[in-house]
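Working through the structure, step by step
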Amino acid sequence: MLLEKFISGYCRVQDQSRMVQVELEDQTLLSVDCTYGKCVYQSQCPIGKEITKLLEEK
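Predicted model only: the values in this text are computed from it and were never measured.

An order of β1-β2-β3 is seen for the three strands of this open sheet, with the pairing classed as antiparallel. Each end of this open sheet is capped by a strand with a single partner; those strands are β1 (2-11) and β3 (28-32). Averaged over all pairs of adjacent strands, the angle between their axes in this sheet comes to 30°, without regard to strand direction. Sheet analysis places strand β2 (residues 16-25) next to β3, joined by four bridges and oriented antiparallel. Bridging across to β3, valine 22 finds its partner in valine 32. Helix-sheet contacts for helix α1 (residues 46-56) involve β1, β2 and β3, and the interaxial angle to β1 is about 155°.

Judged by nonpolar contacts, Ile7, Val20, Val22, Leu24, Tyr36, Cys45, Ile47, Ile51 and Leu54 together constitute the single largest core of nine residues. When residues of this core are traced back to their parent elements, those giving at least two are β2 and α1. Not counting chain neighbours up to four residues away, the residues in contact with valine 20 comprise Lys5, Phe6, Ile7, Val32, Asp33, Cys34 and Ile47.

Applying the stated criterion across every chain yields a total of one salt bridge. For the salt bridge of arginine 18 with aspartate 33, the shortest nitrogen-to-oxygen distance reads 3.9 Å. With arginine 18 in strand β2 and aspartate 33 in the loop between β3 and α1, the pair connects residues that are 15 residues apart, well separated along the chain.

Calculation notes
Residues numbered from 1 in each chain as written. Predicted model: local features only at pLDDT ≥ 70, side-chain atom pairs only at ≥ 80, totals over all residues. Heavy atoms only, no water. Pairing = 2+ DSSP bridges. Helix = DSSP H or I, 4+ residues; strand = E, 2+ residues; numbered from the N terminus. Axes fitted to C-alpha atoms, helices over the stretch in contact; angles between N-to-C directions. Contact = heavy atoms within 4.5 Å. Core = buried A, V, L, I, M, F, W, Y, C linked by side-chain atoms within 4.5 Å. Buried < 20%, exposed > 50% of the residue type's maximum accessible area, 1.4 Å probe, protein only. Salt bridge = Lys/Arg side-chain N within 4 Å of Asp/Glu carboxyl O.

Just distances and angles here, no functional claims.
Printed below as a string of structure tokens:
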């Protein structure tokens, strides 16, 4: 099942709030319009945490 979600929150890299589009299919990340997966702040980022949570949902 294809899931498209928009997540808003503070981005430490850009030092501002932003809206991130995430596309998932069967818990596989298809696209994300931020540096999730490579971002050094991913574990502390509210957007990154939300994306991780989406990937872990069953």
